[in-house]
Amino acid sequence: MSPEAHSAPRSLAEALRARDDASLAALLRSRPDLITPVPTDLTQLATRAGTRASVLRALERLDRFALQTAEALAVAPDPASYDTLLGLMAGDTGDETVARALPRAVATLREQALVWGGDDRLRLVRTARELLAPSAQHPSPTGLGPTVQEATSGMSPGRIQEIVTTAGLPSTHDSVSAVAALTGLFTHRRKMAKLLAEAPEAAREVLSRLVWGPPYGQVTADPAAHLRWLLDRGLLLPTAPGTVVLPREVALHLREGRAHRTPEPLPPAVSPAATHSPQVVDATAAGQAYTALATVEELLKDWDEGGPAVLRAGGLSVRDLKRTAVALDVSEPVAAFWAELAYAAGLIASDGEADERYAATPAYDEWLELPPAERWARLAQTWLTATRTPGLVGGRDAKDRTLSALGPGLDRSAAPEVRHRVLSLLAALPQGAAPDAESVLARLRWERPLRGAQRDGARDDDLRSRLARWTLSEAELLGVTGRGALSSQGRALLGAPAAPATPGTDPAEPTGPGDKLPVHHHRIPERPAPLSPAERGVAAAAAARLLAPLLPEPLDHVLLQADLTAVAPGPLRRPLADMLGVLADVESKGGATVYRFTPASVRRALDAGRTAADLHAFLAEHSRTPVPQPLAYLIDDVARRHGHLRVGAASAYVRCDDDALLSEILADKRAAALRLRRLAPTVLAAPADPATLLEGLRAMGYAPAAESAEGDVLITRAHAHRTPPRTAPEPVPDGPPPPDATLLTAAIRAIRAGDLAATTPRKPVGEPLAGGELPRTSAAETLATMQAAVLTGDSVWIGYVNAEGAASQRVIAPIRVEGGFVTAYDHTADEVRTFPLHRITGVAELADD
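In every chain, residue numbers begin from 1 and rise along the written sequence. Totals for whole chains, interfaces and linings use every residue, but because this is a predicted model, local features are given only for residues with pLDDT of at least 70 and side-chain atom pairs only at 80 or more, for both listing and counting. Excluded from the side-chain calculations are hydrogens and water; all other atoms, namely the structure's heavy atoms, are used.

### Concerning the overall build of the chain
Phase 1 of the analysis: Counting from the N terminus, the helices are DSSP H or I runs at least four residues long and the strands are E runs at least two residues long. On a plain count of helices and strands, the chain comes out with 34 helices and 27 strands.
Phase 2 of the analysis: A 1.4 Å probe rolled over the protein chains alone gives each residue an accessible area, and that area as a share of the maximum for its type sets the label: buried under 20%, exposed over 50%, partly exposed in between. Counting every position in the chain, which comprises 849 residues, the buried fraction comes to 46%.
Phase 3 of the analysis: Residue contacts are counted whenever heavy atoms from the two residues lie within 4.5 Å of one another. The contacts of the chain with a sequence gap of at least 6 include a subset with a gap of at least 24, amounting to 67%.
Phase 4 of the analysis: For the area figures, the Shrake-Rupley method with a 1.4 Å probe applies, and any residue is considered shielded solely by the protein chains shown. Approximately 40,800 Å² of the chain is accessible, and the part contributed by carbon and sulfur atoms is 55%.

Structure below.
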């Protein structure tokens, strides 16, 4: 036996044992479910790597070509040589592109522990073979059917001999040799070509319909002559009454050796749809970022005194979502996006009261105090990492219930990964290039074919494609992109490197062929990994620094006009904007905001405690134009009448020093609904409550003021309703999180030490436990062996039961034995520890070799 054959791994555990620490770390990083919890040794790691759930998760994360390679191995002999696999992928005629890409695909499968063995004996993990191999219930993605041996397993020996003879082969003495002879015929290119040349034209047409799958067909009890010709020669084999199958070997001959109709060794390129100046992109994105901040502030201001009610099942009602969309002047899906973004950022939440409503949180006030660029960076970072998916609002869940905004059921764990990947693809384009959306979707389907697989005939409607489309539109709304291209602040937020200088450069695409390296040296270029929390903070700060100079500087002035309007030519400073929002109504928005002064708006400012002199001084201070005379008259006129009438609680009353004015009100037909009556020359009473009486008199054109029980004028200011302190919703992870470097180092050390304890040869001592796991030695033998090991400096193997009753096996090097304890260097924990002797079940010396 050659040294290579002797050293070839006989199992996945042995293959893992031969890996170095860097390779094990790469495996655990790419398949984090294997480290939760940390395996005790490499045998347990290999067992866990072969479980169905773990293998399926690993297959879902393969790119299309790596998956095609795994599918080819599933229909290849087990084990298969590298040359056999290359033949299945490139065909008889060969394909240089496939040949260059295949080593990287095999390296990926090896790194993921889905394939093990040398190039001469490649083995697909058994569970992966079961998932990908063809069967009647689950056809292979390759479209291939069972082998001749599998298809004839239930066939009578006599019928097999008849097929062999009709195919022109000599009869044999047993079915095994007959099947082998038939297989040899079907895999011999020249003999098969000669046999098929004799086939009727209709028979060759039947084979052409089955060759690329599905390989199954229906026949009657009395098949036509051309079908009988195929059945008699085994080119079609019966699998059930009325059903036949095209054997795998025949299909591969007709396919010229290819397992796949169209191998896809290279990822489809993301093509630019348009190219803009980087300055235009950044300026457009900055404008969108400013609009995003204004929209979120407007949403929270609309809900400042208590927002819409929370549905019993959670979330916003359809009516409240429509009302919010009207208030924000956006469509309902966009309104749902802004509400969800504010919710994910922890700016809004339910107040938890008996009559539960949505309201701003205390964190909103803290957010408002931040500079605009930092406020945007926080929103953008929240969007990038959130698992809540606003695009699902209005759809139906698995129980056919409507998904509502801010309600349950909107988390999709794949959302952060898809957003990050879409932006990474945009970052790989030249600066200013906007991608073609369809090329982005095609690239994502290549990278995750199983997750984007066709379901119910609606391939384009898979979740990852919808997430990608939503990402492109949401990034534009938020200002991460401008005109479809990734902005400088978006690139910084992603932590991406500088944009490539030339079009078409894609860091994820394979480079030229180069010199052929050993298979284990090929690596598929890694995609940019999502940032850690610390890195995200640094990236957000960098994005804010880039955005800050591009945002418009807040203004401290407006332009008053004679038509009772004020024009704000840009964003206003917060105190000015807040006061102007009370004194006037917003008439239109855009690059400039137009405010209109009305009697009602001026009265609102007076109700808030301002005097006419305060309003005149405010306008004179903040207007770059003289205060128009009509506006001054409006303020003075409303102020003159404001508070002349007083409304209090009787149920309600009106009092006024001018009894003629009260008589005028009583005589007005519009006051009939208020049912007023005179109590005194200066007092009218009504059965309505004060608020209704106030609104009624104001509707008649009067300007009454509310007063307290003491007779003082009530100042009405907006009451900001806040929830108790709330934490932002946590993203729902897609499986266990990737381990960090510290955890990986500790886990690999523990696995290595546990494997050493499990595999180190030991001298037999005492009677082993049932099953042969741990030796059982007496206390005297344990003590004697430990004392001898201290003198010789040798390591020993022990069975140990901790205080919780968990049994383990360890390799230790005893240093000192005294007082019923042994102090030793524990190879498993890689540290010096003290073990109570009474917890050691047995001890054995290690074998000399």
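Having put the structure on the table, let's press on.
### Notes on a negative patch on the surface
Phase 1 of the analysis: Distance thresholds for patches are 9 Å for like charges and 5 Å for nonpolar side chains (Val, Leu, Ile, Met, Phe, Trp, Tyr), applied to residues having over 30% relative accessible area and no salt bridge. A pairing counts as a salt bridge when a side-chain nitrogen of Lys or Arg comes within 4 Å of a carboxyl oxygen of Asp or Glu. For the purpose of counting charges, residues Lys and Arg are taken to be positive, whereas Asp and Glu are taken to be negative. His and the chain ends are not included. Charge coordinates come from a single atom per side chain, which is NZ of Lys, CZ of Arg, CG of Asp or CD of Glu. Residues Asp 657, Asp 658, Asp 659 and Glu 664 make up a contiguous surface patch of negative charge.
Phase 2 of the analysis: Turning to its location among the elements, Asp 657 is positioned in the loop between β17 (652-655) and α31 (659-667).

### Regarding the sheet that holds strand β27 (residues 840-845)
Phase 1 of the analysis: The five strands are arranged β26-β25-β24-β23-β27 in an open sheet whose pairing can be described as antiparallel. Each edge of the open sheet carries a strand with a single partner, namely β26 (831-836) and β27. The sheet shows a mean angle of 45° between the axes of neighbouring strands, direction not considered.
Phase 2 of the analysis: Strand pairing is defined by DSSP finding a minimum of two bridges between the two strands. Bridge analysis of strand β24 (residues 807-818) against strand β25 (residues 821-826) gives six bridges, and the strand direction is antiparallel. Looking across to β25, one finds that Arg 816 is bridged to Thr 823. Only the stretch in contact is used when a helix axis is fitted, and all axes are lines through C-alpha atoms; the angle between N-to-C directions ranges over 0 to 180 degrees.

### Brief notes about the side chain of His 622
Phase 1 of the analysis: Among the secondary structure elements, His 622 is positioned in helix α29 (residues 612-622).
Phase 2 of the analysis: Among the polar contacts listed, one links the side chain of His 622 to the backbone oxygen of Asp 556, at a separation of 3.1 Å.
Phase 3 of the analysis: Not counting residues within four places of it along the chain, the set of residues in contact with His 622 comprises Asp 556, His 557, Val 558 and Leu 576. What qualifies as a polar contact is a pair of N or O atoms within 3.5 Å, subject to a donor-acceptor requirement within protein and to the restriction that residues adjacent in sequence count only when both atoms come from side chains.

### As for the sheet that holds strand β12 (residues 559-561)
Phase 1 of the analysis: Strand order in the open sheet formed by four strands is β12-β13-β15-β14, with antiparallel pairing between adjacent strands. Unpaired on one side and paired on the other, β12 and β14 (585-588) mark the two borders of the sheet. Looking at each pair of strands side by side, their axes are set apart by 30° on average, direction ignored.
Phase 2 of the analysis: Examined bridge by bridge, strand β13 (residues 565-568) and strand β15 (residues 593-596) share four bridges and lie antiparallel to one another. Counterpart to Thr 565 in the pairing with β15 is Arg 596.

### Observations regarding unusual backbone geometry
Phase 1 of the analysis: The omega angle of the peptide bond from Thr 36 to Pro 37 is -5°, so this bond is cis rather than trans.
Phase 2 of the analysis: Along the chain, Pro 37 turns up in the loop between α3 (21-30) and α4 (42-49).
Phase 3 of the analysis: The amide bond that connects Asp 78 to the next residue, Pro 79, takes the cis arrangement and shows omega of 0°.
Phase 4 of the analysis: Position of Pro 79 among the secondary structure elements: in the loop between α6 (64-75) and α7 (82-90).
Phase 5 of the analysis: Even without glycine at this site, Ala 113 takes up a positive phi of about 60°.
Phase 6 of the analysis: By the element assignment, Ala 113 lies in the loop between α8 (96-111) and β1 (115-116).
Phase 7 of the analysis: Positive phi, normally seen in glycine, also occurs at Asp 400, with a value near 65°.
Phase 8 of the analysis: Structurally, the position occupied by Asp 400 is in the loop between α21 (372-385) and α22 (415-427).

### Regarding the pairing of β25
Phase 1 of the analysis: Hairpin geometry of β24 and β25 is characterised by an intervening segment of two residues between the two adjacent antiparallel strands and by a positive phi of about 65° at Gly 819.
Phase 2 of the analysis: Bridging between β25 and β26 involves six bridges; their strand directions are antiparallel. Considered in β26, the bridge of Tyr 825 is made with Val 832.

### Digging into helix α13 (residues 189-197)
Phase 1 of the analysis: When we look at burial in α13, the residues that qualify are Met 192, Leu 195 and Leu 196. Down the axis of α13, the buried set is contained in an arc of 95°. They therefore lie on one face. Opposite the buried face of α13, by more than 90 degrees, sit the exposed residues Arg 190, Lys 194 and Ala 197.
Phase 2 of the analysis: In the core, the buried residues of α13 are packed alongside α12 (175-186), α14 (201-210), α15 (225-232) and α16 (248-254). Taking the helix axis as origin, the arc is that swept by the directions to the C-beta atoms.

### Things to note about the environment of Glu 353
Phase 1 of the analysis: Counting through the fold element by element, Glu 353 comes out in the loop between β7 (348-350) and β8 (358-360).
Phase 2 of the analysis: Glu 353 sits in the partly exposed class, given a relative accessible area of 48%.
Phase 3 of the analysis: Taking the C-alpha atoms as reference, Glu 353 lies 9.1 Å from Thr 723; in sequence the two are 370 residues apart.

### Regarding α15
Phase 1 of the analysis: All of the buried residues along α15 are Leu 227, Trp 229, Leu 230, Leu 231 and Asp 232.
Phase 2 of the analysis: Elements in contact with the buried residues of α15: α11 (157-166), α13, α14 and β5 (243-245).
Phase 3 of the analysis: Directly after α15, the chain includes Gly 234, whose backbone phi takes a positive value near 75°.

### Quick word on the nonpolar core
Phase 1 of the analysis: Nonpolar cores are built from buried Ala, Val, Leu, Ile, Met, Phe, Trp, Tyr and Cys residues. Side-chain atoms within 4.5 Å join them into one set. The biggest cluster of nonpolar side chains holds 90 residues, and the ones touching the most others in it are Phe 186, Leu 235 and Leu 236.
Phase 2 of the analysis: Considering every element that reaches this core, the biggest residue donor is α6, with eight residues.
Phase 3 of the analysis: When residues no more than four places from it in sequence are discounted, the contact partners of Leu 236 are Val 206, Leu 207, Leu 210, Leu 227, Leu 230, Leu 231, Val 244, Val 245, Leu 246 and Pro 247.
Phase 4 of the analysis: The next biggest cluster of nonpolar side chains, apart from the first, holds 70 residues, and it includes Trp 303, Phe 337, Tyr 358 and Trp 376.

### Quick word on the pattern of salt bridges
Phase 1 of the analysis: The tally for this structure, following the rule as stated, stands at 35 salt bridges.
Phase 2 of the analysis: Salt-bridge contacts for Asp 92 lead to Arg 189; the nearest nitrogen and oxygen are separated by 2.7 Å. With Asp 92 in the loop between α7 and α8 and Arg 189 in helix α13, this pair connects stretches of sequence that are 97 residues apart.
Phase 3 of the analysis: For Arg 189, a relative accessible area of 33% gives the class partly exposed.

### Re the side chain of His 557
Phase 1 of the analysis: By secondary structure assignment, the location of His 557 is in the loop between α26 (533-547) and β12.
Phase 2 of the analysis: Polar side-chain contacts of His 557 include one of 3.4 Å to the side chain of Asp 556.
Phase 3 of the analysis: A distance of 3.5 Å separates polar atoms of two side chains, one belonging to His 557 and the other to Arg 624.
Phase 4 of the analysis: Excluding its chain neighbours within four sequence positions, the residues that come into contact with His 557 are Pro 569, Leu 572, Leu 576, His 622 and Arg 624.

### Let's talk about the packing of helix α27 (residues 574-583) against helix α28 (residues 599-607)
Phase 1 of the analysis: Two elements in contact, α27 and α28, have axes whose closest approach is 7 Å; the angle formed by their N-to-C orientations is 120°. With respect to their mutual orientation, α27 and α28 come out oblique. Between α27 and α28, the contacting residues are Gly 581, Val 582 and Leu 583 on the first element and Ser 601, Val 602, Arg 604 and Ala 605 on the second.
Phase 2 of the analysis: Each residue gets one of three labels, nonpolar for Ala, Val, Leu, Ile, Met, Phe, Trp, Tyr, Cys and Pro, charged for Asp, Glu, Lys and Arg, and polar for the others, Gly among them. When the residues that make up the contact of α27 with α28 are grouped by side-chain class, the tally is four nonpolar, two polar and one charged. Small angles under 35 degrees read as roughly parallel and large ones over 145 as roughly antiparallel, with 65 to 115 read as roughly perpendicular and the rest as oblique.

### Observations concerning the packing of aromatic side chains
Phase 1 of the analysis: The aromatic pairing rule takes the rings of Phe, Tyr and Trp, using the six-membered ring of Trp, and pairs them if the centres are within 6.5 Å, calling planes under 30 degrees apart stacked, those over 60 edge-to-face and the rest tilted. In this structure the tally under the stated criterion is four aromatic pairs.
Phase 2 of the analysis: In this scheme, the term charge over a ring applies when either NZ of a lysine or CZ of an arginine sits within 6 Å of the ring centre and within 35 degrees of the ring normal. Sitting above the plane of the Trp 367 ring, Arg 375 keeps its charged end 5.4 Å from the centroid.

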